[in-house]
2 protein chains.
Amino acid sequence: MKKLIVVAFALAAGLNASAQQALFASQDIKSAEVNKDNTVTFRFQSKTAKTVQIAGDFAKVAEKNPVGGMVGTGLVNMKKENDSVWVYTSPKLESELYSYMFVVDGVVTHDPNHPYIFRDFGTLSEYFIVGNGRAELYMVKDVAHGTLSRRWMYSDMLQIDRRLNVYTPAGYEANPNKKYPVLYLLHGSGGDENEWVGFGRTCQILDNLIAQGKAEPMIVVMPNGHPGLHAAPGESTWGLYKPFHTKVYSGDGTFETHFAEIMKFVESEYRTINDKQHRAIAGLSMGGGHTNTISRLYRNTFDYVGLFSAGMMRSNRSPFYKDMDKMLEQQVKDGVKLYWIGCGTEDFLYNSVKDHMKVLDKLGQKYTFRESSDGHVWKNWRIYLSEFAPLLFK
Amino acid sequence: MKKLIVVAFALAAGLNASAQQALFASQDIKSAEVNKDNTVTFRFQSKTAKTVQIAGDFAKVAEKNPVGGMVGTGLVNMKKENDSVWVYTSPKLESELYSYMFVVDGVVTHDPNHPYIFRDFGTLSEYFIVGNGRAELYMVKDVAHGTLSRRWMYSDMLQIDRRLNVYTPAGYEANPNKKYPVLYLLHGSGGDENEWVGFGRTCQILDNLIAQGKAEPMIVVMPNGHPGLHAAPGESTWGLYKPFHTKVYSGDGTFETHFAEIMKFVESEYRTINDKQHRAIAGLSMGGGHTNTISRLYRNTFDYVGLFSAGMMRSNRSPFYKDMDKMLEQQVKDGVKLYWIGCGTEDFLYNSVKDHMKVLDKLGQKYTFRESSDGHVWKNWRIYLSEFAPLLFK
């Protein structure tokens, strides 16, 4: 809101743009500043603070956990450089998208000079991107951009409106007679339809891969995987509730059954190629579980299946899942062109994913296994999408 | 990220949803909780804090300004209710969308139990909505919802890709032969194409007004009004830069000239009714100034003109504006069906807006003047949109 006063001064006095800029910059410091050598400098202005620290996944040394359970988060100390500016410069970082928060005298807070935040379930984190490597794919580049549409559809089955995000590639509107293949991209149990758009960087990854000629132009559909919810927290009739307080996970086949409505909606509203060869489905964690079941349940529907750190839900005792083993046998008989599995070696689901691979081995189903480092984290899912998307529809 | 560990436990142990919920809720408190009587209860958990305060526009008593210039911000003290939870309950509040931040031992921070944030220029604020009044329009209701499309267009004039947000009303996709009127809705000098979507609540206001039969179904186009920018901060090739450091305001007619390209794009990409009777333009602050000039520059193009707390830029000496007085005379001769002006009595632009009304009086141009309380704030612009939209295309 500060700007309003500033704009008042600027307009009233007829100030030029650089004078406005000086007025706006009440804190004339940059943070987080990604330097050319892939080090990152953080700055925080405070005359009175006694300690300023940074909690972040970039910090390799996780000395202590200030925010109650962040995975892979370390804590580093900033140093007061003059009477008011605290500074920390990281070592050279691997090209990646990172998250962080400041901890000022023990209070977790955001960086007032870096208003870039994603919400992941109930937690907000600031993020920055270090380039010169794979994370260049996660940046907005000077390439043709697709459209992101925030759609609503009515579900006859659930009798509610439900939201989904749809990415259509550059050229979709300009080529009204062209039809496109579709990737259904499913989120995890703490997520919603916005998660692949936010931390997942789906629009940037697809824009860039398509512009580089590495991926086919495709439609990417990101539905909300919780059939009890209308939309992401804050975007439904439930209002601005605390995400913790929702019953988020169904696990009884409701989403898998409802998925037929999502496909029907997409194939009637978008110019899709409606055959197995032009349909892909992938998801992370719970969405990987959904991918596993949906790709069996809808027979001969998907030629491309991607399980990203998938929750295989083999212990699920819901009656809905009782014929799943038979359905997998049938799926293998019918044929799947690409069965792609990604998992981090430190992922708590690693063994369960390996068990699934043994089942596939027995059935003679070929698959690609992408073993990565780290655990159940967005870093891996962005990597998986970046590697999976180029393999589709070729 | 915390959820990731939690999900691990939950999946591994086969916990049910309510057990998951308890795990997720490491802080089992709600904040900000809007109570049925329109009071609002804030809660913050800290055993070690010495003072916890709330800075917010709901606090009528602006004792002190903790964050360096927030307009209309007051500061209230929270009280420790047991050994760790600080609580404050507000008086009954007028129905409105409010912003707030916590101040913990002097450190401005966000509410860890309320992950709902808008970015306004370089500042993030949490928000909540008090209903039972006009702000019901700002909530997602159980009505048919329109689509928000995040589009990119290429500008031949500026030789860059530029972003715009386009709202199409419910039924747009289902009625492929129907054409719609268009409202161009412009942001202020600190804003971007996302501002009317965020603090402006445009999608909710239009969904609700249309569902109530109070507004005609219309397309709403929200372009980026800074011709030097490709897109909102963080969504362009400029990366995650500090918004303060950009030269944001042109003031030389570039945006007004470029606007022809925006209209051309919209009218070729969407099913618009391309005549004066079905085109409206409105904007706030700088966008009100743009509305003022664009509605003159493009002769006989707009039958509906809305100046919301408009920056009239009468002192602008750019050669582009030299014939503006003559153009206004012509605009009046040609006729404008609705000339709507809104301004708050405490707005720093109030006198300048009144001066413009005197000019209109001299020319014999009728107008509606909506004088509201308060100053140059989003509260007023949401009210103006809520009152302006129902008057269009009738």
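Residues numbered from 1 in each chain as written. Chains lettered and ligands numbered in written order. Predicted model: local features only at pLDDT ≥ 70, side-chain atom pairs only at ≥ 80, totals over all residues. Heavy atoms only, no water.

## A few points about the overall build of chain A
In step 1: When its secondary structure is counted, chain A shows eight helices and 18 strands.
In step 2: A sequence separation of at least 24 residues applies to 73% of the contacts in chain A between residues at least 6 apart.
In step 3: Split by element, the accessible area of chain A, about 14800 Å² in all, is 50% carbon and sulfur. (Helix = DSSP H or I, 4+ residues; strand = E, 2+ residues; numbered from the N terminus. Contact = heavy atoms within 4.5 Å. Areas by Shrake-Rupley, 256 points an atom, 1.4 Å probe, with all protein chains shown as cover.)

## Some words on the pairing of strand β14 (residues 219-223) of chain A
Residues and elements named next belong to chain A.
In step 1: Counting buried positions over the five residues of β14 gives five, a clear majority of the element.
In step 2: Residues I219, V221 and P223 line one face of β14 and the alternating positions V220 and M222 line the opposite face, and both faces are buried.
In step 3: One ladder, built from three bridges, connects strand β13 (residues 182-186) with β14; its direction is parallel. Pairing of Y184 across the sheet is with V221, part of β14.
In step 4: Note that the unit made of β13, helix α3 (residues 202-211) and β14 has a crossover that is right-handed. (Buried < 20%, exposed > 50% of the residue type's maximum accessible area, 1.4 Å probe, protein only. Pairing = 2+ DSSP bridges. Right-handed = clockwise from strand over helix to strand, strands pointing away.)

## What about the environment of A:G289?
Residue and element names in this part refer to chain A.
In step 1: Along the polypeptide, G289 turns up in helix α5 (residues 286-297).
In step 2: The exposure class of G289 is buried, given its relative accessible area of 0%.
In step 3: As for G289 and M313, which are separated by 24 residues in sequence, their C-alpha atoms are 6.5 Å apart.

## Remarks on the packing of α5(A) against helix α6 (residues 324-334) of chain A
Residue and element names in this part refer to chain A.
In step 1: Viewed as axis vectors pointing N to C, α5 and α6 meet at an angle of 65°, and their least axial separation amounts to 8 Å. Of the possible angle classes, the one that applies to α5 and α6 is roughly perpendicular. In the crossing of α5 with α6, the sense of the turn from one axis to the other is left-handed. Together, T293, S295, R296 and L297 of α5 and M324, D325, M327, L328 and Q331 of α6 make up the contact between the two elements.
In step 2: Partitioned by chemical class, the residues of the contact of α5 with α6 number four nonpolar, three polar and two charged. (Axes fitted to C-alpha atoms, helices over the stretch in contact; angles between N-to-C directions. Parallel < 35°, antiparallel > 145°, perpendicular 65-115°, else oblique. Left-handed = near helix turned anticlockwise from the far one by under 90°. Nonpolar A, V, L, I, M, F, W, Y, C, P; charged D, E, K, R; others polar.)

## Focus on the sheet that holds strand β5 (residues 79-80) of chain A
By definition, the strands of a sheet pair up through backbone hydrogen bonds, in either a parallel or an antiparallel sense.
All names here are of chain A.
In step 1: Across the sheet, four strands lie side by side as β1-β2-β6-β5; this open sheet has antiparallel pairing. Looking at the sheet topology across the chains shown, the edges are occupied by β1 (33-34) and β5.
In step 2: Relative to strand β6 (residues 85-89), strand β2 (residues 40-45) runs antiparallel, the two being bridged by five bridges. In the strand pairing of β6, R43 is matched with V87.

## Points about the packing of aromatic side chains
Residue and element names in this part refer to chain A.
In step 1: Enumeration according to the criterion identifies 62 aromatic pairs over all chains in this entry.
In step 2: Each ring, one from Y100 and one from F102, has its centre 5.7 Å from the other, and the planes form 65°; the classification is edge-to-face. Across this residue pair, the class does not change: Y100 and F102 are buried.
In step 3: With a centroid separation of 5.1 Å and 70° between ring planes, the pair formed by Y184 and F259 is classed as edge-to-face. One end of the pair, Y184, is in strand β13; the other, F259, is in helix α4 (residues 254-269), with 75 residues separating them in the sequence. The exposure classification of Y184 matches that of F259, with both residues buried.
In step 4: Positioned over the ring face of Y172 is R271, at 4.0 Å from the centre of the ring. (Phe/Tyr/Trp six-rings, centres within 6.5 Å; stacked < 30°, edge-to-face > 60°. Lys NZ or Arg CZ within 6 Å of the ring centre and 35° of its normal.)

## Looking at helix α8 (residues 378-388) of chain B
In step 1: Judged by how many residues are buried, α8(B) sits mostly within the fold: 10 of 11 residues are covered.
In step 2: Burial in α8(B) covers these residues: B:W378, B:K379, B:N380, B:W381, B:R382, B:I383, B:Y384, B:L385, B:S386 and B:F388.

## Digging into the pattern of salt bridges
Residue and element names in this part refer to chain A.
In step 1: In total, this model carries 38 salt bridges over all chains according to the counting rule given.
In step 2: The shortest N-O distance in the salt bridge between E94 and K379 comes to 3.8 Å. With E94 in the loop between β6 and β7 (96-104) and K379 in helix α8 (residues 378-388), this pair connects stretches of sequence that are 285 residues apart.
In step 3: For E94, a relative accessible area of 40% translates into the label partly exposed.
In step 4: What makes K379 buried here is its relative accessible area of 16%.
In step 5: R151 is the partner of E269 in a salt bridge, and the nearest nitrogen-oxygen pair spans 2.9 Å. Of this pair, E269 sits in helix α4 while R151 sits in strand β11 (residues 147-155); the two residues are 118 residues apart in sequence, bridging distant segments of the chain.
In step 6: Taking the relative accessible area as the measure of exposure, E269 reaches 27% and is therefore partly exposed.
In step 7: Residue classification places R151 among the buried residues on the basis of a relative accessible area of 4%. (Salt bridge = Lys/Arg side-chain N within 4 Å of Asp/Glu carboxyl O.)

## Some words on unusual backbone geometry
Residues and elements named next belong to chain A.
In step 1: At the junction of S31 and A32, the peptide bond is cis and its omega measures out at -15° in the coordinates.
In step 2: Within the fold, A32 resides in the loop between α2 (17-24) and β1.
In step 3: With a phi close to 55°, R201 is a non-glycine residue in the positive phi region.
In step 4: Along the chain, R201 turns up in the loop between β13 and α3.
In step 5: Owing to a relative accessible area of 5%, R201 belongs among the buried residues under this scheme.
In step 6: Not every positive phi belongs to a glycine, and F393 is a case in point at roughly 65°.
In step 7: As for its position among the elements, F393 is in the segment after α8.

## As for the environment of B:L360
All names here are of chain B.
In step 1: Looking at where L360 falls in the secondary structure, it is placed in helix α7 (residues 350-363).
In step 2: Between the alpha carbons of L360 and V332 there is a distance of 8.5 Å; along the sequence they are 28 residues apart.
In step 3: Excluding residues within four positions of it along the chain, L360 makes contact with L328, Y339, I341, Q365 and Y367.

## Points about the packing of helix α6 (residues 324-334) of chain B against α7(B)
Residues and elements named next belong to chain B.
In step 1: Relative orientation of the contacting elements α6 and α7 amounts to 55°, with a least axis distance of 10 Å. Taken together, the axes of α6 and α7 lie oblique to each other. For α6 against α7, the interelement crossing comes out right-handed. Residues L328, E329 and V332 of α6 form the contact with α7, whose own contacting residues are H356, V359, L360 and L363.

## Topic: the sheet that holds strand β6 (residues 85-89) of chain B
Residue and element names in this part refer to chain B.
In step 1: Taken in spatial order, the four strands of this open sheet run β1-β2-β6-β5, and their pairing is antiparallel. At either end of the open sheet lies a strand with only one pairing partner, and these are β1 (33-34) and β5 (79-80).
In step 2: In the sheet, β1 pairs with strand β2 (residues 40-45) via two bridges, with the strands oriented antiparallel. Note on β2: the bridge partner recorded for E33 is T41.

## A look at α6(B)
All names here are of chain B.
In step 1: The set of residues buried in α6 consists of M324, L328, Q331 and V332. Seen end-on, α6 carries its buried residues on one side only, within an arc spanning 95°. In α6, the exposed positions that point more than 90 degrees away from the buried face belong to K326 and K333. (Arc of directions from axis to C-beta.)

## Some thoughts on the side chain of B:D347
Residue and element names in this part refer to chain B.
In step 1: Tracing the backbone through its elements, the reader meets D347 in the loop between β17 (338-344) and α7.
In step 2: Of the polar contacts made by the side chain of D347, one reaches the side chain of S309; its length is 3.4 Å.
In step 3: Ignoring anything within four residues of it in the chain, the contact list for D347 reads S309, D374, G375 and H376. (Polar contact = N/O pair within 3.5 Å; in protein donor to acceptor, adjacent residues only side chain to side chain.)

## Some thoughts on the environment of B:M218
All names here are of chain B.
In step 1: Tracing the backbone shows M218 in the loop between α3 (202-211) and β14 (219-223).
In step 2: A sequence separation of 66 residues divides M218 from W152, and the C-alpha atoms of the two residues are 20 Å apart.
In step 3: Ignoring any residue separated from it by four or fewer positions in sequence, one finds M218 in contact with Y167, P169, P181, L183, L206, I210, A389, L392 and F393.

## So, the confidence of the model for chain A
Residue and element names in this part refer to chain A.
In step 1: Across chain A, the average pLDDT comes to 88, with 88% of residues at 70 or higher.
In step 2: The low-confidence segment residues 1-25 (pLDDT under 50) makes 52 contacts with residues lying over four places distant or belonging to another chain.
In step 3: Overall fold confidence for the complex sits at a pTM of 0.92, while the interface term, ipTM, reaches 0.91. (pLDDT = per-residue confidence, 0-100.)

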